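Spelled out from the first residue to the last, the chains are:
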Amino acid sequence: MILSGAEIVVQSLKDEGVEFVFGYPGGAALHIYDAFYKQEDVQHILVRHEQGATHAADGYARATGKPGVVLVTSGPGVTNAVTGIATAHMDSIPMVVLTGQVPTALIGDDAFQEVDTVGITRPCVKHNFLVSRVEDLAQVIKKAFFIANSGRPGPVVVDIPKDITAQSTEYKYPTSVEMRSYAPVSRGHPKQISRAVDLLLGADKPIIYTGGGIIQGGAADELTQLVRELEFPCTNTLMGLGGFPYKDPLFLGMLGMHGTYESNMAMYDCDVMLAVGARFDDRVTGDLTKFSPNSTIIHVDVDPSSIGKNVSVEVPIVGEAAPVLREMLSIVKARKADGVVPDIGQWWDRIEEWRAFKSFEYDRESAKIKPQYVIETLHKITNGNAFVTSDVGQHQMWAAQHYGFNASRRWINSGGLGTMGFGLPAAMGVQLAHPDEQVACITGEASIMMCIQELSTCKQYNLPVKVINLNNRYMGMVRQWQEFFYDGRYSHSYMDALPDFVALAESFGHVGVRIESPADVEGALEEAFAQENRLVFMDFITDQSENVYPMIAAGGGHNEMHLKPSEADDVLLERELA
Amino acid sequence: MRRIISLLVENEAGALSRIAGLFSARGYNIESLTVAPTEDESLSRMTIVTRGSDAIIEQITKQLNKLIDVVRLVDLTEGRHIERELMLIKVIAEREEREEVKRLVDIFRGRIIDVTNSTYTIELTGPVGKLDAFIETLQGVEVVEAVRSGVSGISRGDRALR
Ligand SMILES: Cc1ncc(C[n+]2csc(CCOP(=O)(O)OP(=O)(O)O)c2C)c(N)n1
Ligand SMILES: [Mg+2]
């Protein structure tokens, strides 16, 4: 079959099984857009800004485990997409980004809408390609999908000069990829795995700490089985929530800067730590010199460079989470059958004492809407089964702390890069992937403004996302740091002119609601979710003095948490709605 | 500690910038870097001399291995190996200095490869230490310019990177 380069792009996506491409046209991509016009197999979703395209593809990938696909034009199309590419890279999300490029003959001439796409994206992709011959195009696209979605996943950029999309060649989509320089390991080393199990079974104060690798690696069931077989405490990172059911008494909640008291204290005090698909990020560990001083660490990760990067590890295991955990489970069962039974009753007693602090508690009597209450009520209305995306700030932490995730892939947030603007476009990708599921975007009045234009995309494709704007009239997380660490000098963390979000949502053709009293929260959420086919933008006017607790200040250790608000919090200045 | 890392890399546009970019982005030090095609034209061979604690070197090798273009990698300093660097150095050599410089070149088994009335251009190969020592013994002789290739390395015995 002889096809043009543009047709090869579209046909390759089809042969790769791609459902959606999130994109925005422009000169260098016009041949490809023409090829899209002539087919119906791959649906193109027209966003309103290329950042939105990348976050939407990212949300789709997080919710499904399949790579998200993006198509943008050269120059500004690419630079607009970079934030979303970097976001996916930091969280190891599989994504293939096709970028138009100026014709080969013009590359390097500072041509109209030329940027060095491969150069600009190099530090924030897993890999990138500049296609130099139309004959290579299908092979490169095949490789891009393979690289994006294997080993430690990540975004791959394929830069395609316009002349190559016009040339023709014989098309045959490759059935397999051979790369001598890329062979991700899947199964861990058996000896190391059995050493790890011996350490775990001999522990007095064990803990299992897991991250996004469990979610991306599809290993939630394996983790749950292993933890339950061992009856050991389990804690998840911000990226790992949903990897273990929140309701299970073995779950200690999220750890890290805004994690539970019990999880951080247990991390500090443990004697054996099993870390799986987590990378000892600074937001998790706090001050490394004070990190878990007396523990022996077992670290399972598909990326060898994650192991031993920040902390020294006694038992490194390179491999995918699911097969490694399966193997651990079968060894644990065999050892138990041989009469080796761990006894960690005293350790659980300690943990229950810590748990009794109820470190996520908040003032339930307040006359103002507490953001935590909105999230708890959202859980109630959706039975904890919604797909929840979030932006970045206090609302993100409250969502992570209070929603309570039953299953993996349902908590979707930018943990690594912390990208404001992520939530709404990510929710579009999730809703497209799961048209019959409830999708909520928890956001703040500052974050939502960063990709607000995507409300228009939601209208065009009838995406009934429920936007939950926890409107505290502040960049709350910035304000919180300024309150704690800058003597309350609130430098530029407050916007003096906020839009009327209800009118704004309505102008985009959606439903807008403002909720100002705690008594109206539940009803508003109920009504919103009852409107199954409408996007409802809920503007919750929340208590603007609320802070996220507990908190480990940067540079603190896990045993140095600020648990409760100090008296000083009450004197926070009040600001009214603009 | 000083380490010599030897790599086989896909001979692709951009491979060199990926490797150089990795060192700058992560703040690793590069003392020297050499690269040239190999007998297999789809591959380049690269030698990187770097310094760092054991933990940093471990990260460097892991991060390099993670690059899709890197086919194979070995830390030569972990085993017995040979390292060589080429230096071309032009010095002022006039009157009685001419004999003296020539003698030094002979002692170091270098070669004078270009001559003018007032200068010698010398070619010298060896481990870094030998080249440094040669420059040191030239004290008093004016160096016009010196060009060093950076280190190339290979393992001793029948071990090979392929
Ligand atoms: C693109 C981007 N710019 C700046 C920041 C720094 N930042 C982190 S949280 C935050 C404030 C977010 O405010 P809002 O969305 O209202 O959420 P809140 O903390 O009030 O819940 C800012 C500015 C960021 N994370 N991302
Ligand atoms: Mg806010």
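Values in this document were obtained by computation on a predicted structure and should not be read as measured data.

## Examining the overall build of chain B
Here is step 1: Counting its secondary structure elements, chain B contains four helices and eight strands.
Here is step 2: For chain B, the sequential pattern of α-helices and β-strands runs β-α-β-β-α-β-β-α-β-β-α-β.
Here is step 3: Overall size of chain B, expressed as C-alpha extent along the three principal axes, is 55 × 35 × 35 Å.
Here is step 4: Split into buried and exposed, the 162 residues of chain B put 43% on the buried side.

## Focus: the coordination of the magnesium ion (ligand 2)
Angles at a metal have ideal values that depend on geometry: 109.5 degrees with four tetrahedral donors, 90 or 180 degrees with six octahedral donors.
All names here are of chain A.
Here is step 1: Looking at the magnesium ion (ligand 2), the protein donor atoms are E445 (OE), E445 (OE), N472 (OD1) and Y474 (O), and they sit 2.0 to 2.6 Å from it.
Here is step 2: Around the magnesium ion (ligand 2), the six donor atoms sit at angles spanning 51 to 178°, and that spread fits a shape best called irregular.
Here is step 3: All donor residues of the magnesium ion (ligand 2) come from one chain, and their arrangement in sequence is E-x26-N-x1-Y. Taken together, the residues span a long stretch of sequence, with E445 in the loop between β17 (439–444) and α18 (454–460) and Y474 in the loop between β18 (466–471) and α19 (476–485) at a distance of 29 residues.

## A short note on the sheet that holds strand β6 (residues 111–115) of chain B
All names here are of chain B.
Here is step 1: Read across the sheet, four strands follow the order β6-β7-β5-β8 without closing on themselves; strand pairing throughout is antiparallel. Unpaired on one side and paired on the other, β6 and β8 (143–155) mark the two borders of the sheet. When the angles between neighbouring strand axes are averaged without regard to direction, this sheet yields 15°.
Here is step 2: The sheet contact formed by strand β5 (residues 81–92) and strand β7 (residues 119–126) spans eight bridges and is antiparallel.

## Observations regarding unusual backbone geometry
Residues and elements named next belong to chain A.
Here is step 1: Residue P550 is reached from Y549 by a cis peptide bond, and omega for that bond is -5°.
Here is step 2: Tracing the backbone shows P550 in the segment after β20 (536–541).
Here is step 3: Look at R473: it is not a glycine, yet its phi comes out positive at around 60°.
Here is step 4: Looking at where R473 falls in the secondary structure, it is placed in the loop between β18 and α19.

## Details of the packing of aromatic side chains
Residue and element names in this part refer to chain A.
Here is step 1: Counting across every chain of the model gives 21 aromatic pairs over all chains.
Here is step 2: When the ring of Y171 is compared with that of Y173, the centres are 6.5 Å apart and the planes differ by 25°; the resulting orientation is stacked.
Here is step 3: Residue Y171 is classed as buried on the basis of its relative accessible area, which comes to 5%.
Here is step 4: Aromatic pair W347 and W354: ring centres 5.9 Å apart, planes at 85°, arrangement edge-to-face.

## Regarding the environment of K247 of chain A
Residue and element names in this part refer to chain A.
Here is step 1: Secondary-structure assignment places K247 in the loop between β10 (234–236) and β11 (251–254).
Here is step 2: When its relative accessible area of 63% is taken as the criterion, K247 is described as exposed.
Here is step 3: When the C-alpha positions of K247 and L455 are compared, they lie 34 Å apart, and in sequence the two are 208 residues distant.

## Concerning the site of ligand 1
Residues and elements named next belong to chain A.
Here is step 1: Near ligand 1 lie 17 residues; those nearest to it are Q394, H395, G418, S447 and G476.
Here is step 2: Side-chain polar atom of S447 to an oxygen atom of ligand 1: 2.7 Å apart, as the coordinates give it.
Here is step 3: Y474 places a polar main-chain atom, nitrogen or oxygen, 2.9 Å from an oxygen atom of ligand 1.
Here is step 4: About the coverage of ligand 1: the protein hides 77% of its 580 Å² of free accessible area.
Here is step 5: If you list the elements that add at least two residues to the shell around ligand 1, you get α16 (394–402) and α19.
Here is step 6: No other element matches α19, which puts three residues into the shell around ligand 1.
Here is step 7: Taken together, the residues that form the shell around ligand 1 break down as eight nonpolar, eight polar and one charged.

## Side note on the interface of chain B and chain A
Here is step 1: Residue-level contacts link 17 residues of chain B with 15 residues of chain A.
Here is step 2: Both sides of the chain B and chain A interface together cover about 1300 Å² of buried area, and 47% of this is carbon and sulfur.
Here is step 3: A salt bridge links R180 of chain A to E10 of chain B; the nearest nitrogen and oxygen atoms lie 2.7 Å apart.
Here is step 4: Inspection of the region where chain B meets chain A yields 11 residue pairs in polar contact (both at pLDDT 80 or more).
Here is step 5: Tallying contributions element by element places helix α2 (residues 54–66) of chain B first for the side of chain B that touches chain A, with five residues.
Here is step 6: Grouping the amino acids of the side of chain B that touches chain A by side-chain chemistry returns five nonpolar, five polar and seven charged.

## Let's talk about the confidence of the model for chain B
Residue and element names in this part refer to chain B.
Here is step 1: Summarising the model, chain B shows a mean pLDDT of 95, and 100% of its residues fall at 70 or more.
Here is step 2: Looking over chain B, one finds the lowest element-wise mean pLDDT in helix α3 (residues 96–107), namely 94, and the highest in β7, namely 98.
Here is step 3: Predicted complex metrics record ipTM = 0.92 and pTM = 0.95.

## Here we look at the nonpolar core
The tendency in soluble globular proteins is for nonpolar side chains to be buried as a group.
All names here are of chain A.
Here is step 1: Core analysis: the largest hydrophobic core is formed by 93 residues, its most contacted members being M328, I468 and F540.
Here is step 2: Examining the composition of this core, we find that eight residues originate from one element, helix α13 (residues 321–337), more than from any other.
Here is step 3: Dropping the residues within four chain positions of it, M328 is found in contact with I193, A196, V197, L226, L274, V300 and I317.
Here is step 4: Grouped together as the second largest cluster of nonpolar side chains are 49 residues, F22, M95, A433 and L463 included.

## Notes on the sheet that holds β11 of chain A
All names here are of chain A.
Here is step 1: The sheet built from six strands is open, its strands ordered β11-β10-β9-β12-β13-β14 with parallel pairing. A strand with exactly one partner marks an edge of an open sheet, and here the two such strands are β11 and β14 (315–318). Taken pair by pair, the neighbouring strands of this sheet meet at an average axis angle of 15°, ignoring direction.
Here is step 2: Relative to β10, strand β9 (residues 206–210) is paired through three bridges, and the arrangement is parallel. In the sheet register, T210 faces β10, and the bridge partner there is N236.
Here is step 3: Each of β9, β10, β11 and β12 (272–276) touches helix α11 (residues 261–269); the most contacted strand, β11, lies at about 105° to it.
Here is step 4: Against the sheet, α13 touches β12, β13 (296–301) and β14, its axis set at about 145° to β12.

About the thresholds
- Residues numbered from 1 in each chain as written.
- Chains lettered and ligands numbered in written order.
- Predicted model: local features only at pLDDT ≥ 70, side-chain atom pairs only at ≥ 80, totals over all residues.
- Heavy atoms only, no water.
- Helix = DSSP H or I, 4+ residues; strand = E, 2+ residues; numbered from the N terminus.
- Buried < 20%, exposed > 50% of the residue type's maximum accessible area, 1.4 Å probe, protein only.
- Donors = N, O, S within 2.8 Å, 3.2 Å for Na, K, Ca; no water.
- Tetrahedral: all angles 85-135°; square planar, octahedral: opposite > 155°, others 65-115°.
- Pairing = 2+ DSSP bridges.
- Axes fitted to C-alpha atoms, helices over the stretch in contact; angles between N-to-C directions.
- Phe/Tyr/Trp six-rings, centres within 6.5 Å; stacked < 30°, edge-to-face > 60°.
- Near = heavy atom within 4 Å.
- Polar contact = N/O pair within 3.5 Å; in protein donor to acceptor, adjacent residues only side chain to side chain.
- Areas by Shrake-Rupley, 256 points an atom, 1.4 Å probe, with all protein chains shown as cover.
- Nonpolar A, V, L, I, M, F, W, Y, C, P; charged D, E, K, R; others polar.
- Contact = heavy atoms within 4.5 Å.
- Buried area = accessible area lost by both parts, 1.4 Å probe.
- Salt bridge = Lys/Arg side-chain N within 4 Å of Asp/Glu carboxyl O.
- pLDDT = per-residue confidence, 0-100.
- Core = buried A, V, L, I, M, F, W, Y, C linked by side-chain atoms within 4.5 Å.

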